[in-house]
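# Topology and contacts: notes
If you want the building blocks of each chain, they are given just below.
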Amino acid sequence: MAPVIAGFDHQRVPVADGVSLHAAVGGSGPPIVLLHGFPQTHLMWRHVAADLAADHTVICPDLRGYGASDKPADPDGTAYAKRTMAADIVALARELGHERFALAGHDRGALVAFRAGLDHPAAVTHLACLDVLPTLDMWEALHGTIAAVGFHLYLMAQPPGLPERLISAAPDAFFGHFLDLWAGDPRAVPADVRAAYLDACRGAVPSIVADYRASAGIDTDHDRADRAAGSRLRMPVTVLQQDWGAALGYDAAALWGAWAPDLRHTTVTCGHFMAEEAPADIVKALRALLAR
């Protein structure tokens, strides 16, 4: 039996022309939307979501292009822009009856959450981003041989064709590499969840590549325009991340502070999959954010 978030209902919700998202929804109270990262699905929030559902309506979608959500073609390079994916999330919440909501994202989901906070400040009341830098800052921070840790970013930035072909030749080896490499505690992703992640990714190679390709193009254009315009995140923001700045030579708190005047930045000691490795810590941080 495929793993699920216990006690949550599953829905398909239309969010754009021809695009519906799969979402697990549970609990009652003020709404919070939780966005997953790579190479995962909404299941990564299973522990955190169950705790928050005691007093919140918790919405855990699969992002466009991932999991059981729709995977539209991307003929013009905009279908997986974070601006497009952020609009999906606002539409999802609205379809479920919520004009305003708190938003937390991990990895790719954090980039979508960041864009939603900039593009839809009236909708996003609180924002949490886990283990990323904003896209433009990320590219500017990568340099020298140490940037080899991000080889997948460069691979999936290439024009359509080669990345999809290479990854599709050995999808379990490719996606499993990151599940192994990035986990501080491999036990945090048990065999059934790992199998669900690999199965989902195996069926989504073109859309996952399109998501990453957008981050090497249109997403940086949007970030650059917002930086030039002085755009800022207007809501309380919490950022939790590993100390990649020490290795790559950047000040993560300063980079985030340029975007978020009301920022609480914390460096964590667990691995990348923090919502699965240290769910109690993530719940504590999110509850503190929601109280601000």
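See above for the structure.
Here we summarise the structure given alongside this text. (Residues numbered from 1 in each chain as written. Predicted model: local features only at pLDDT ≥ 70, side-chain atom pairs only at ≥ 80, totals over all residues. Heavy atoms only, no water.)

## Structural notes on the sheet that holds strand 7 (residues 237–241)
The eight strands lie next to each other as 1-2-4-3-5-6-7-8, forming an open sheet whose pairing is mixed. Each of the sheet's edge strands pairs with one partner strand only, and the pair in question is strand 1 (9–16) and strand 8 (263–267). Averaged over neighbouring strand pairs, the angle between their axes works out to 20° when direction is ignored. Bridging between strand 3 (residues 31–35) and strand 4 (residues 57–61) involves three bridges; their strand directions are parallel. Bridging across to strand 4, Val33 finds its partner in Ile59. (Pairing = 2+ DSSP bridges. Helix = DSSP H or I, 4+ residues; strand = E, 2+ residues; numbered from the N terminus. Axes fitted to C-alpha atoms, helices over the stretch in contact; angles between N-to-C directions.)

## Description of the pairing of strand 3
Across the five residues that make up strand 3, a large majority, five, are buried. Taken together, the four bridges between strand 3 and strand 5 (residues 101–106) define a ladder with parallel strand orientation. Note on strand 5: the bridge partner recorded for Leu35 is Gly105. (Buried < 20%, exposed > 50% of the residue type's maximum accessible area, 1.4 Å probe, protein only.)

## As for the packing of aromatic side chains
Any aromatic ring pair is given by two values, namely how distant the centres are and how the planes are angled relative to each other. Overall, the coordinates contain 13 aromatic pairs when judged by the stated rule. Ring centres of Trp182 and Phe273 lie 6.4 Å apart, and the angle between their planes is 45°; this geometry places the pair in the tilted category. Taken as a pair, Trp182 in the loop between helix 7 (171–181) and helix 8 (191–202) and Phe273 in the loop between strand 8 and helix 13 (274–277) lie far apart in primary sequence, 91 residues in all. Three or more aromatic residues joined by ring pairs form one cluster here, namely Phe38, Phe151, Phe174, Phe175, Phe178, Trp182, Tyr212 and Phe273. (Phe/Tyr/Trp six-rings, centres within 6.5 Å; stacked < 30°, edge-to-face > 60°.)

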